[in-house]
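# Summary of the model geometry
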Protein chains: 2
Amino acid sequence: MALHEPLLHGKDCGDCPIRHRAVCARCDTDELDQLEKMKFYRSFQAGQTVVWSGDRMDFVASVVSGIATLTQTMEDGRRQMVGLLLPSDFVGRPGRAVASYDVTAVSDLVMCCFRRKPFEDMMLGTPHVNQRLLEMTLDELDAAREWMLLLGRKTAREKIASLLAILARRDVALRQRARGGPLRFDLPLTREEMADYLGLTIETVSRQISALKRDGLIQLEGTRQVTVPDIRRLLEETGDDSDGGMVG
Amino acid sequence: MALHEPLLHGKDCGDCPIRHRAVCARCDTDELDQLEKMKFYRSFQAGQTVVWSGDRMDFVASVVSGIATLTQTMEDGRRQMVGLLLPSDFVGRPGRAVASYDVTAVSDLVMCCFRRKPFEDMMLGTPHVNQRLLEMTLDELDAAREWMLLLGRKTAREKIASLLAILARRDVALRQRARGGPLRFDLPLTREEMADYLGLTIETVSRQISALKRDGLIQLEGTRQVTVPDIRRLLEETGDDSDGGMVG
DNA sequence: CTTTCGCCTTGACGCAGATCAAATTCGGGA
DNA sequence: TCCCGAATTTGATCTGCGTCAAGGCGAAAG
């Protein structure tokens with residue numbers, strides 16, 4: 001019921017989930033009904049491919065739960081992740097019938113899909129969906145550019161620290177946990193996926209994680225659960241100058 | 001007069017330059033007059049900085065002529081180019097008052113600027129400007145992702161070949177030259193700028209260009225003018241599987 | 001309990017590209 | 001024309017990360 005919320009609401013409207021639509025000025029019942037009619041859900045298991053690059057793709061979608069990745073692959077198998085899709089992220093491109101990237105479910109995944117053609121038709125008449133989409137795309141572009149700096153100029157250690165910081169930040173946002181104390185979260189990605197994200201090999205990822213552990217910047221329980229005793233010290237390793245909103 | 005054309009017209013409308021607006025269904029005289037009122041031109045010399053990251057930026061703009069770059073810089077001076085702005089490209093982000101990147105003129109540059117606030121106000125009422133902007137942003141996002149693959153997974157030689165291919169493609173488009181024959185164009189970037197684009201050092205850029213020359217894939221007159229005797233052979237060095245529309 | 005199969009870690013070694021250090025060339029002004 | 005500073009090339013060397021090759025560990029199945 002609340003599942004196209006991320007698409008319909010911008011930052012201004014964050015406190016108005018769709019179930020309160022009767023009281024939200026930006027929620028037009030007509031549009032919601034239209035969206036309601038053209039939407040359908042699809043579920044995927046961890047590891048499953050949603051679409052292959054080059055496949056026909058007749059829908060656009062919003063991630064409801066779980067994590068997916070966008071990756072590009074070269075002929076010889078070299079792979080680069082170019083997008084990490086978290087709940088509320090948008091997938092697909094209005095006006096394009098063919099997927100440009102492989103979309104893969106990293107965890108169990110639910111997506112809320114809208115048939116592309118009717119969605120595009122509706123967009124013509126509903127400027128604020130359009131506007132919201134522009135806003136989201138600009139955010140993605142900023143993220144992509146941050147990522148380019150990471151890929152082009154950061155060391156392996158900085159790359160790992162940056163990724164951990166991103167995942168930690170996501171976890172903080174998710175749980176709305178108090179800032180400042182030690183931070184514990186699960187890595188949603190395998191070492192290989194981290195390597196594809198960072199433009200490294202599995203071995204280098206593993207070695208750098210071990211190094212951060214050795215240096216006391218993180219602790220590991222098993223292979224996935226990370227504890228960050230002092231987020232500031234980790235952030236110092238990222239090479240970024242800001243704290244990325246982690247320290248308040 | 002024809003200078004906000006790239007902003008107002010999508011691909012569908014390519015054959016309708018603004019000077020024919022009387023006959024173009026998508027050209028609304030009202031909007032054009034509005035844009036006309038809020039626009040102004042700014043010129044920059046090669047090397048001049050347009051805005052620094054973090055500066056207040058009260059306009060959005062469209063590149064009229066010349067080339068500009070978007071770059072990010074780390075505290076210790078490492079730099080990564082994250083955008084290459086060619087004529088018709090859009091600069092600035094509606095809804096954001098502060099620049100996220102350094103914008104620098106690489107050649108002499110003319111930009112057509114629109115004051116941000118009135119531009120945003122107008123966007124609310126003119127969905128097709130909004131839509132065009134979304135389209136352009138999605139194209140930029142695709143380009144950024146292509147670039148991420150280059151930065152994360154390509155070798156130095158592949159990076160150089162890819163950049164030359166991009167510049168060659170641009171030149172072909174610019175002059176609408178016949179495909180197939182030898183190709184000659186000027187590098188708009190210094191070796192340092194190429195290095196910042198590719199995530200390499202100046203020395204590696206220079207060495208790889210020398211290697212391509214030695215292997216007969218390119219010829220150089222002076223340091224800037226490149227001749228590509230056979231574009232196919234160059235494209236084979238990029239690591240990409242498609243010909244990128246260069247060979248017809 | 002043991003086996004098996006992914007996933008992860010660790011070690012040894014090699015190499016692509018970075019770094020440091022000179023030349024050399026180019027382009028613009030006197 | 002020559003001169004000068006900046007851009008580029010080239011060489012020598014170094015090093016961070018990739019590659020190759022064993023193991024280790026933990027979860028699920030037998």
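This text follows the structure it describes.
As the structure is a prediction and not an experimental result, all values here were calculated from the model.

Let's shift gears to the protein's contact with DNA strand C. Around DNA strand C, 16 residues are found, and the nearest of them are A:Arg191, A:Ser206, A:Ser210, B:Thr204 and B:Arg207. Counting only the atoms of DNA strand C within 4 Å of the protein, the fraction contributed by sugar and phosphate is 64%. At 2.8 Å from a phosphate oxygen of DNA strand C is found a side-chain nitrogen or oxygen belonging to A:Ser206. A distance of 2.8 Å is found between a base nitrogen of DNA strand C and a side-chain nitrogen or oxygen belonging to A:Arg207. For the surface near DNA strand C, the secondary-structure elements that each account for two or more residues are helix H7 (202-214) of chain A together with helix H7 (202-214) of chain B. The leading source of residues in the surface near DNA strand C is H7(A), at four residues. The residue inventory of the surface near DNA strand C, partitioned by class, reads two nonpolar, eight polar and six charged.

Let us now look at the pattern of salt bridges. Following the criterion strictly, the structure yields 32 salt bridges over all chains and no others. Of the charged contacts, one joins A:Glu140 and B:Arg145 as a salt bridge, the two residues approaching to 2.8 Å between their closest N and O atoms. Linking A:Glu140 in helix H4 (residues 127-153) with B:Arg145 in helix H4 (residues 127-153), this pair reaches from one chain into another. Look at A:Glu140 and you get partly exposed, because its relative accessible area is 24%. Of the residues examined, B:Arg145 reaches a relative accessible area of 7% and is grouped as buried. Of the charged contacts in the structure, one is a salt bridge between A:Glu221 and A:Arg184, with a shortest N-O distance of 3.2 Å. Taken together, the residues span a long stretch of sequence, with A:Glu221 in strand E10 (residues 219-221) and A:Arg184 in strand E9 (residues 183-186) at a distance of 37 residues. The exposure class of A:Arg184 is partly exposed, given its relative accessible area of 40%. Counted as one network, the salt bridges with shared partners bring together A:Arg93, A:Arg96, B:Asp139 and B:Asp142.

About the cut-offs
- Residues numbered from 1 in each chain as written.
- Chains lettered and ligands numbered in written order.
- Predicted model: local features only at pLDDT ≥ 70, side-chain atom pairs only at ≥ 80, totals over all residues.
- Heavy atoms only, no water.
- Near = heavy atom within 4 Å.
- Polar contact = N/O pair within 3.5 Å; in protein donor to acceptor, adjacent residues only side chain to side chain.
- Helix = DSSP H or I, 4+ residues; strand = E, 2+ residues; numbered from the N terminus.
- Nonpolar A, V, L, I, M, F, W, Y, C, P; charged D, E, K, R; others polar.
- Salt bridge = Lys/Arg side-chain N within 4 Å of Asp/Glu carboxyl O.
- Buried < 20%, exposed > 50% of the residue type's maximum accessible area, 1.4 Å probe, protein only.

None of the figures reported here should be taken as evidence of function without further support.
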